[in-house]
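# Architecture and fold: a report
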Amino acid sequence: MRVRLIHSVLLIPLLLTGCDFFYSTVNYTGPEAEPHLCVEARFTATPDGSDPETRKVFVSSSAFFLDAYDSYVPYVDDAMVTAQVNHGVSVTGTYIPPVYDEYTYKTRSGGYYSLDLPVQAGDSVLLRVEHPAYGRAEAWQVCPAQQPLALTVDSISRYGEVYGKIHLPGYRGNPTDVVTLTSKVDRCQARLTYQKGRYTDTDTVIVYEADSISMVMYTKDDCFDKYHDKQSSGYYAGYSLTLPASAEDRTLPVIMDSHIFTGIVGKDLLIDNMVISIRTEVRTIEDYDYYTSLHRALDRSDYAPPMSSQMTDEQSESRLYMEDVIESIREAFDELGNVEESQIYGNLDGERHKKPIGCFSLVSVSKHVRTVSKVN
């Protein structure tokens, strides 16, 4: 079951140079809400169910907003955390205390319960968290199936844009599951020819595996319409692309761009070899709803830049930058003085008078690697 928690977020006015704002401090005189149990757990399935590092359960309590600080996380270290796979033996989590950075005093690691709990695609998992003061939380999930993928590369432009097709066989899991694709350049060797004054120079460009580069993905296929808005260039675009699972085979045209050489005038890129990896993450719908709503509440941007071929000089980059600044100012004035409601989705059940906050979800991850040689 999915529940919605509605939080009122007071948007603070943006103070701009040259603008005068009158403001005053308003003291809060309302009641202080009781702390609620907060649970966040996202288990990643592997083909053999191994790697317990992916079975972490973060447990904390909600904090009164006047007492909350960036460096303060109200960890709960005395909860009872258990989980079952396919109604089997219950496994109890072990608390791993947080380790703090000595300068910022922010958490570097720990602050969670570790579960030795193998999970594979198709498993059903029940998570329970109980605490004497904060109540209980529980949720049940079915682990998504893996989504096979193949990539065909048709060409690479002189700007390093990779044109190809992603082939997705029909999905055999829950039809409500959600597929997210991300791509990277893992390795690359190329020759870059560019204009330097009145002369033309050629450099060898090498990307090593330790320095893999994220690629922005662009497509016009309407199957991405459910989860993504079109960019101004007419593409669905982003550092990741999300689409609904489908039992039908699909072939999706895609352009992948690492933007390594954006802004170099008069350039030509000749690829000798390139290794591209595409990570396929299949998520439950609860996982998608929770992290998307959290993303919005934190006001994280989904902006994706235009393709490199559309940003070939400093003038286009400057124009793009100014458009972003103007849009940000416009949005700030639209929101000035308003109270905005942010809906945070969750799937935790608990006591009626003390609803838990957060989400438990399962994901299946696979990786496809494609080597491209002498494309140009």
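For the structure itself, look to the data block above.
Description of the structure in this document. (Residues numbered from 1 in each chain as written. Predicted model: local features only at pLDDT ≥ 70, side-chain atom pairs only at ≥ 80, totals over all residues. Heavy atoms only, no water.)

Turning to the overall build of the protein chain, a few remarks are in order. Helices and strands together make up the secondary structure of the protein chain, namely two helices and 23 strands. Per-residue burial over the protein chain gives 41% buried out of 376 residues. Surface accessibility of the protein chain: about 21400 Å² in total, with carbon and sulfur atoms responsible for 51%. (Helix = DSSP H or I, 4+ residues; strand = E, 2+ residues; numbered from the N terminus. Buried < 20%, exposed > 50% of the residue type's maximum accessible area, 1.4 Å probe, protein only. Areas by Shrake-Rupley, 256 points an atom, 1.4 Å probe, with all protein chains shown as cover.)

Turning next to the nonpolar core. In terms of nonpolar packing, the biggest core is built from 36 residues, with V162, I166, L243, M256, M274 and I276 touching the most fellow members. When residues of this core are traced back to their parent elements, those giving at least two are β12 (150–156), β13 (162–168), β14 (178–196), β15 (199–207), β16 (213–219), β18 (240–244), β19 (250–257) and β20 (268–283). A per-element tally of this core places β14 first, with seven residues. Ignoring anything within four residues of it in the chain, the contact list for I276 reads L151, V162, K184, M215, M256, H368, V369, R370 and V372. Counting residues in each nonpolar core, the second largest holds 25 residues, with A41, V81, V129 and C143 among its members. (Core = buried A, V, L, I, M, F, W, Y, C linked by side-chain atoms within 4.5 Å. Contact = heavy atoms within 4.5 Å.)

The next subject is the packing of aromatic side chains. In this structure the tally under the stated criterion is six aromatic pairs. Taking the centre distance of 4.9 Å and the plane angle of 55 degrees together, the rings of Y95 and Y113 count as tilted. In this pair, Y95 sits in strand β6 (residues 94–96) while Y113 sits in strand β9 (residues 112–114), placing the two residues 18 residues apart along the sequence. On the basis of relative accessible area, Y113 is assigned to the buried category, the value being 2%. Sitting over the face of the ring of Y235, K220 holds its NZ or CZ atom 4.8 Å from the ring centroid. (Phe/Tyr/Trp six-rings, centres within 6.5 Å; stacked < 30°, edge-to-face > 60°. Lys NZ or Arg CZ within 6 Å of the ring centre and 35° of its normal.)

The phi angle at N86 is positive, at roughly 50 degrees, despite the residue not being glycine. With respect to the element layout, N86 can be found in the loop between β4 (80–85) and β5 (91–92). One non-glycine residue with positive phi stands out, namely H87, at about 60 degrees. By the element assignment, H87 lies in the loop between β4 and β5.

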